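The primary structure of each chain is shown beneath.
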2 protein chains.
Amino acid sequence: MAEQINVETAYREYVKKIAAYNEALAVIFWDLRTGAPAKGTAQRSEVIGMLAAEVFQLSTSEEMGRFITLLTSTDGLSATTKIMIEKSREEYDRNKKIPAHEYKEFVILQSKSESAWMEAREKNDFSIYEPYLEQMVSYTRKFVDYWGYTDHPYNTLLDKYEPDMTVEILDRVFGELRERIVPLVQRIAQSNHKPETSFLYTHFSKEDQEAFSLNILQQLGYDFEAGRLDETVHPFATGINRGDVRITTRYDENDFRGAVFGSIHECGHAIYEQNISKELTGTLLDTGTSMGIHESQSLFFENFIGRNIHFWEKQYPVLKEYASEQFADVSLEDFYRGINESKPSFIRVDADELTYPLHIMVRYELEKELFSGTLEVKDLPDAWNKKYQEYLGITPRNDAEGILQDIHWADGSFGYFPSYALGYMYAAQIKHTMTEELPNFDAYLQKGDITPIRTWLNTHIHQYGSTKKPLEILQATTGEGLNAAYLISYLEEKYSQIYQLD
Amino acid sequence: MAEQINVETAYREYVKKIAAYNEALAVIFWDLRTGAPAKGTAQRSEVIGMLAAEVFQLSTSEEMGRFITLLTSTDGLSATTKIMIEKSREEYDRNKKIPAHEYKEFVILQSKSESAWMEAREKNDFSIYEPYLEQMVSYTRKFVDYWGYTDHPYNTLLDKYEPDMTVEILDRVFGELRERIVPLVQRIAQSNHKPETSFLYTHFSKEDQEAFSLNILQQLGYDFEAGRLDETVHPFATGINRGDVRITTRYDENDFRGAVFGSIHECGHAIYEQNISKELTGTLLDTGTSMGIHESQSLFFENFIGRNIHFWEKQYPVLKEYASEQFADVSLEDFYRGINESKPSFIRVDADELTYPLHIMVRYELEKELFSGTLEVKDLPDAWNKKYQEYLGITPRNDAEGILQDIHWADGSFGYFPSYALGYMYAAQIKHTMTEELPNFDAYLQKGDITPIRTWLNTHIHQYGSTKKPLEILQATTGEGLNAAYLISYLEEKYSQIYQLD
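Treat the numbers as computed from the prediction; the structure is a model and nothing was measured. (Residues numbered from 1 in each chain as written. Chains lettered and ligands numbered in written order. Predicted model: local features only at pLDDT ≥ 70, side-chain atom pairs only at ≥ 80, totals over all residues. Heavy atoms only, no water.)

Caption draft 1: Structural context of the pairing of strand E2 (residues 237–241) of chain B. Residues and elements named next belong to chain B. As paired elements, E2 and strand E3 (residues 244–249) share four bridges and run antiparallel to each other. What sits directly across from Thr238, in E3, is Arg246. Between the antiparallel neighbours E2 and E3 lie two residues. (Pairing = 2+ DSSP bridges. Helix = DSSP H or I, 4+ residues; strand = E, 2+ residues; numbered from the N terminus.)

Right, dumping it as structure tokens:
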């Protein structure tokens with residue numbers, strides 16, 4: 001017994017060390033993205049390499065192997081330790097199956113591939129990036145072989161970002177979604193009742209946007225003693241530890257929506273991490289459980305709170321105080337319709353909430369084919385353009401507004417994209433259950449105090465960190481598995497009303 | 001031969017790892033001081049502890065011991081490796097001599113002592129801090145016993161911050177300095193020609209102070225691609241790596257001098273580190289060679305450039321552009337005399353450049369007595385006050401403006417204070433030699449392009465990093481050992497002129 005306690009304690013101390021290195025890395029990454037001086041970054045990369053190698057070494061060491069073997073066959077471990085061991089074993093197995101030299105080659109290729117992608121995007125020339133992407137795909141295919149798979153090679157990649165997610169589930173829900181969204185997008189295109197949007201593009205100073213964003217974040221319950229807001233080109237949220245969850249945003253003085261909805265989106269991510277149970281500190285379980293559940297929280301805040309008319313009943317007058325006179329003659333109703341304008345576009349990150357899932361489905365279909373071997377990299381740009389025509393009714397005029405827009409494939413994150421749309425479906429499903437339990441949902445937004453909403457999310461989702469798997473959380477919270485119907489009816493109702501469709 | 005090259009290479013790789021951990025720690029410390037959210041700091045301390053323990057372990061490991069033994073008896077090493085080995089051995093010996101459990105106790109005591117000091121300062125009550133300070137002194141005395149000493153126990157402490165500095169040298173130069181400064185301060189007190197200073201305290205907005213400081217930093221050659229300026233309560237410079245040397249400042253809207261001279265001071269530290277030879281990256285030698293030489297660079301910039309009338313010939317009109325109307329009726333001469341006002345005061349960090357060294361000497365005398373055993377902690381406040389009366393002619397009214405003002409003793413940095421005054425003497429001596437070689441010194445300031453001055457400092461001092469010891473640098477640069485005469489004549493000339501002494 002004494003022996004067992006000792007091993008459990010030693011293992012948890014060992015994991016704490018990995019967590020400490022991860023936290024140091026998170027500070028360094030935040031710093032790099034928010035203003036580290038250019039001339040120091042080459043040396044900083046060496047530091048990152050050194051720390052990352054240490055983390056890799058610690059999680060694949062013989063010592064870790066012994067911990068896993070010993071503790072797997074031990075009774076009476078705490079529930080948390082059991083989950084930690086399970087995660088450690090997954091990580092250990094995953095990393096041990098790749099020959100060390102191939103992993104190293106892959107890491108080097110990864111950074112070359114990112115540079116090539118950046119150059120290709122700048123020059124609008126896919127051919128610069130193509131040979132690197134080919135190698136990234138071929139390494140990833142090889143890794144999938146090492147890891148093995150059930151039913152479909154792509155399942156193994158999905159599982160990295162969304163445990164237990166499968167092609168079978170995605171084909172079903174994405175199919176249902178597409179079947180209803182595509183006609184809805186077409187009906188909107190034919191509507192005679194389009195929103196006025198010119199006021200969206202009037203000058204709104206950066207300082208005022210920032211002040212308004214800070215005000216909104218405060219109201220939404222983002223804890224500024226456990227976070228901060230900075231400016232970056234590519235906004236993000238990062239949980240350095242649960243008492244230090246930072247967000248960033250960007251300001252376009254000719255379109256305030258990026259900063260405002262971006263801040264609300266990142267706030268959703270951050271509130272998730274700020275409210276993970278304190279007991280999980282140092283266990284590696286004190287982060288969001290999957291990319292999809294994480295995105296469900298950011299999209300819940302961005303769309304189901306931030307794009308809700310009741311939210312703006314309270315906030316629109318506040319916005320007007322921070323803005324100059326551009327909204328003086330714009331009614332709440334017109335403002336609401338303006339910020340919810342929907343139309344097909346080329347760039348995923350700028351897409352509206354209705355067409356966004358279609359952008360994801362394009363990528364999902366292409367990734368699936370790449371890893372079932374029915375599509376090759378050289379044929380990707382063409383396949384991309386065809387899918388955009390099929391799903392969104394538009395064809396990119398060049399690769400920069402087509403296949404070159406995302407970094408994900410350049411850095412090897414195959415299997416990541418579906419999480420964005422999954423998160424959206426999770427959010428709609430969660431919203432449906434929440435509204436049954438909190439029938440005054442809209443009234444909280446009207447009052448500008450969302451404490452009951454946040455507390456509900458804390459209770460059902462946030463506190464657990466990574467101790468529950470995504471589909472477990474969904475089942476426990478909503479009483480059913482993934483169901484696309486909730487997102488579909490949300491979109492159909494909202495957009496039928498905005499565009500006055502029959 | 002192959003074997004030797006392998007050992008040398010392996011040793012340098014090993015040191016690179018220590019350097020990487022130090023760099024990660026430097027990023028974390030900068031972040032903590034510039035705005036890390038409060039709720040994350042407890043967990044961050046664990047990370048710091050983990051990384052610091054790793055550095056300690058690496059520098060005292062058996063592997064390090066073997067490197068030192070093997071390479072000390074090896075011929076044909078590069079000059080840099082030889083110096084690295086010497087530093088590694090010093091560090092190894094120093095750390096190995098302290099029993100591990102005592103070092104751990106000391107580290108824990110250190111943080112308790114800092115907290116007690118903060119509370120004592122807030123409550124203006126030395127007795128809260130006294131028992132901790134007693135223990136800090138008693139541990140340090142014990143450590144000096146472990147380390148051993150030559151001639152005087154305090155020499156061992158001095159050597160930590162200023163290699164090869166001794167009580168013998170300090171007694172001589174501080175004696176010479178005091179003998180001439182004390183009467184000068186008294187003559188100034190009796191002068192009828194005191195500067196007008198009311199314009200110093202007029203409102204100057206933070207934004208304008210910041211803009212002016214950035215302008216000055218640019219002109220002085222601080223490289224913003226290898227650094228950045230932030231705001232903190234206690235300003236500092238930190239060389240995270242030689243391509244990332246950051247500075248901070250603070251803004252008092254009723255006294256612009258803190259921000260302006262503070263920025264110039266930190267700029268001096270930063271320009272030192274930004275210009276260390278690139279080849280020294282990853283060797284642990286890419287930092288300033290001692291606290292004293294570091295301070296010589298910051299004080300060179302602050303006093304010999306920033307408080308020079310020729311500097312303001314160019315910069316005063318610039319300052320006026322950034323200020324509102326408060327300087328409209330103040331002549332350059334009056335401005336210069338105002339910013340150089342000198343009078344005895346209680347707080348070291350706010351002291352003028354003439355009385356500053358006296359503050360240091362008070363602390364030096366007390367530290368020396370503490371470690372020769374002729375003074376005990378309980379008698380310190382009284383001894384402090386007597387020395388202030390003796391050197392500066394004023395007696396602190398309470399401990400907050402007396403013995404409680406500095407953090408140095410609370411965190412165990414005994415032996416550090418003399419570096420401040422040493423740096424000042426080094427700077428004056430360096431300035432003397434420089435002026436012989438660059439007779440147009442003042443003209444460079446008048447023109448606002450100090451490139452020749454900076455290049456001279458790069459050549460003689462900066463590039464070497466820690467490869468040369470402080471007194472080696474001084475000897476090589478000025479052709480003689482430490483000589484207080486240069487600082488004395490600088491101060492006598494300047495203040496006789498400002499206060500029109502006969």
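Caption draft 2: Spatial organisation of helix H19 (residues 470–478) of chain A. All names here are of chain A. When we look at burial in H19, the residues that qualify are Pro470, Ile473, Leu474, Thr477 and Thr478. Seen end-on, H19 carries its buried residues on one side only, within an arc spanning 100 degrees. For H19, the secondary structure elements touched by its buried residues are helix H11 (291–305), helix H16 (418–437) and helix H18 (451–460). Positive backbone phi, at 80 degrees, marks Gly479, one or two positions downstream of H19. (Buried < 20%, exposed > 50% of the residue type's maximum accessible area, 1.4 Å probe, protein only. Arc of directions from axis to C-beta. Contact = heavy atoms within 4.5 Å.)

Caption draft 3: Main features of the sheet that holds strand E2 (residues 237–241) of chain A. Residues and elements named next belong to chain A. The strand order across the open sheet formed by three strands is E1-E3-E2, and the pairing between neighbours is mixed. With one partner strand each, in any of the chains shown, strand E1 (229–231) and E2 form the two edges of the open sheet. Adjacent strand axes in the sheet meet at a mean angle of 30 degrees, parallel and antiparallel pairs treated alike. Examined bridge by bridge, E1 and strand E3 (residues 244–249) share three bridges and lie parallel to one another. Each residue of the ladder has a partner; that of Glu231, found in E3, is Thr249. (Axes fitted to C-alpha atoms, helices over the stretch in contact; angles between N-to-C directions.)

Caption draft 4: The arrangement of the pattern of salt bridges in detail. Following the criterion strictly, the structure yields 56 salt bridges over all chains and no others. Residues Arg257 of chain B and Asp255 of chain B are paired through a salt bridge, measuring 3.0 Å at the closest nitrogen-oxygen approach. With relative accessibility at 15%, the residue Asp255 of chain B sits in the buried group. Three or more residues joined by partner-sharing salt bridges are found here, namely Glu23, Asp244 and Arg246 of chain A together with Asp31 and Arg44 of chain B. (Salt bridge = Lys/Arg side-chain N within 4 Å of Asp/Glu carboxyl O.)

Caption draft 5: Representation of the UniProt feature "active site" (unreviewed entry) in chain A within the structure. All names here are of chain A. The feature "active site" (unreviewed entry), as annotated in UniProt, sits at Glu266 in this numbering. Positionally, Glu266 belongs in helix H10 (residues 257–274). Residue contacts for Glu266: discarding those within four places in its chain leaves Pro235, Phe236, Ala237, Ile247 and Thr248. Reaching out from Glu266, the side chain makes a polar contact with the backbone nitrogen of Ala237 at a distance of 3.2 Å. (UniProt positions renumbered as here; feature names shortened; annotations may be inferred. Polar contact = N/O pair within 3.5 Å; in protein donor to acceptor, adjacent residues only side chain to side chain.)

Caption draft 6: The arrangement of the environment of Asp31 of chain B in detail. By the element assignment, Asp31 of chain B lies in helix H1 (residues 2–34). A C-alpha to C-alpha distance of 30 Å links Asp31 of chain B and Pro470 of chain B, two positions 439 residues apart in sequence. Apart from the residues lying within four places of it in its own chain, the contact partners of Asp31 of chain B are Val27, Trp30 and Arg246 of chain A together with Ala36 and Arg44 of chain B.

Caption draft 7: Seen up close, helix H20 (residues 485–498) of chain A. Residue and element names in this part refer to chain A. End to end, H20 covers 20 Å across 14 residues, agreeing with the expected 20 Å (1.5 Å per residue, within 8%). Inspection of H20 places Tyr486, Leu487, Ile488, Tyr490, Leu491, Lys494, Tyr495 and Ile498 among the buried residues, and these make up the whole buried set. Tucked into the core, H20 has its buried residues touching helix H8 (167–190), H11, helix H13 (332–339) and H16. Count one or two residues on from H20 and you reach Gln500, which has phi positive near 45 degrees. (Expected span 1.5 Å × (residues − 1).)

Caption draft 8: Structural context of the relation of the copies chain A and chain B. Its rotation angle being 180 degrees, the transformation that places chain A on chain B also includes 0.0 Å of axial translation and leaves an RMSD of 0.0 Å. Here the symmetry operator amounts to a two-fold rotation axis. Of every C-alpha in chain A, the one belonging to Ala24 of chain A sits nearest the axis of rotation, 3.4 Å from it. (Least-squares fit on C-alpha atoms with pLDDT ≥ 70 in both.)

Caption draft 9: Expanded view of the packing of aromatic side chains. Considering all chains together, one arrives at 77 aromatic pairs over all chains under this definition. Relative to Phe256 of chain B, the ring of Phe204 of chain B lies with its centre 5.7 Å away and its plane at 45 degrees, an arrangement referred to as tilted. Taken together, the positions of Phe204 of chain B in the loop between helix H8 (167–190) and helix H9 (206–220) and Phe256 of chain B in the loop between E3 and helix H10 (257–274) put the pair 52 residues apart, joining distant regions of the chain. A single burial state applies to Phe204 of chain B and to Phe256 of chain B, both of which are buried. Feature note: the residues Phe199, Phe204, Phe212, Phe256, Phe261, Phe311, Trp312, Tyr316, Tyr322, Phe327 and Phe335 of chain A constitute an aromatic cluster, connected by ring pairs. Looking at Lys468 of chain B, its charged tip hangs above the ring of Tyr464 of chain B, at a distance of 4.1 Å from the centre. (Phe/Tyr/Trp six-rings, centres within 6.5 Å; stacked < 30°, edge-to-face > 60°. Lys NZ or Arg CZ within 6 Å of the ring centre and 35° of its normal.)

Caption draft 10: Region of the structure containing the nonpolar core. In terms of nonpolar packing, the biggest core is built from 129 residues, with Phe300, Phe301, Ile305, Trp312, Phe335, Trp409 and Ile453 of chain B touching the most fellow members. Setting aside anything within four residues of it in sequence, one finds Ile305 of chain B in contact with Leu220, Phe300, Phe311, Phe441, Leu445, Ile450 and Ile453 of chain B. Residues Met136, Tyr161, Ala259 and Leu366 of chain A belong to the second largest nonpolar core, which totals 128 residues. (Core = buried A, V, L, I, M, F, W, Y, C linked by side-chain atoms within 4.5 Å.)

Caption draft 11: Quick peek at the UniProt feature "binding site: Zn(2+)" (unreviewed entry) in chain A. Residues and elements named next belong to chain A. Following the UniProt record, one finds the feature "binding site: Zn(2+)" (unreviewed entry) at His265, His269 and Glu295. With the annotated positions falling across 31 residues, the maximum pairwise C-alpha distance of 8.8 Å places them together in a single cluster. Mapped onto the elements, His265 comes out in helix H10. Here His265 falls in the buried class, since its relative accessible area comes to 11%. Residue contacts for His265: discarding those within four places in its chain leaves Glu295, Ser298, Leu299 and Glu302. The exposure class of Glu295 is buried, given its relative accessible area of 9%.

Caption draft 12: How the structure looks around the environment of Phe417 of chain A. Residue and element names in this part refer to chain A. You can see Phe417 is positioned in the loop between helix H15 (380–392) and H16. Look at Phe417 and you get buried, because its relative accessible area is 1%. Considered as a pair, Phe417 and Tyr161 are 256 residues apart in the sequence and their alpha carbons are 9.3 Å apart.

Caption draft 13: Highlighting the packing of helix H6 (residues 126–147) of chain A against helix H7 (residues 153–161) of chain A. All names here are of chain A. Packing of H6 against H7 brings their axes to within 9 Å, and their N-to-C directions diverge by 90 degrees. Between H6 and H7, the angle falls in the class roughly perpendicular. Note on element contacts: H7 touches H6 through Pro153, Thr156, Leu157 and Lys160, opposite Thr140, Val144 and Trp147. (Parallel < 35°, antiparallel > 145°, perpendicular 65-115°, else oblique.)

Caption draft 14: Broad picture of the side chain of Glu8 of chain B. Residues and elements named next belong to chain B. Secondary-structure assignment places Glu8 in helix H1. Buried and without a salt bridge, Glu8 has Arg12 as its closest oppositely charged side chain, separated by 4.7 Å. For Glu8, the side chain forms a polar contact with the side chain of Thr81, separated by 2.6 Å. Discounting residues that sit within four places of it in the chain, Glu8 has contacts with Leu71, Leu77, Ser78 and Thr81. (Lys, Arg positive; Asp, Glu negative; His and termini not counted.)

Caption draft 15: Just the interface of chain A and chain B, in detail. If you look at the interface, chain A gives 34 residues, while chain B gives 34 residues. Both faces combined, the contact of chain A with chain B buries some 2900 Å², and carbon together with sulfur accounts for 57% of it. With its nearest N and O atoms 2.7 Å apart, the salt bridge here joins Asp31 of chain B to Arg246 of chain A. Between the two partners, chain A and chain B, sit 23 residue pairs in polar contact (both at pLDDT 80 or more). Elements with a contribution of two residues or more to the side of chain A that touches chain B: helix H1 (2–34), helix H2 (41–60), E2 and E3 of chain A. With eleven residues, H1 of chain A is the largest single contributor of residues to the side of chain A that touches chain B. When its residues are assigned to classes, the side of chain A that touches chain B shows 14 nonpolar, eight polar and twelve charged. (Buried area = accessible area lost by both parts, 1.4 Å probe. Nonpolar A, V, L, I, M, F, W, Y, C, P; charged D, E, K, R; others polar.)

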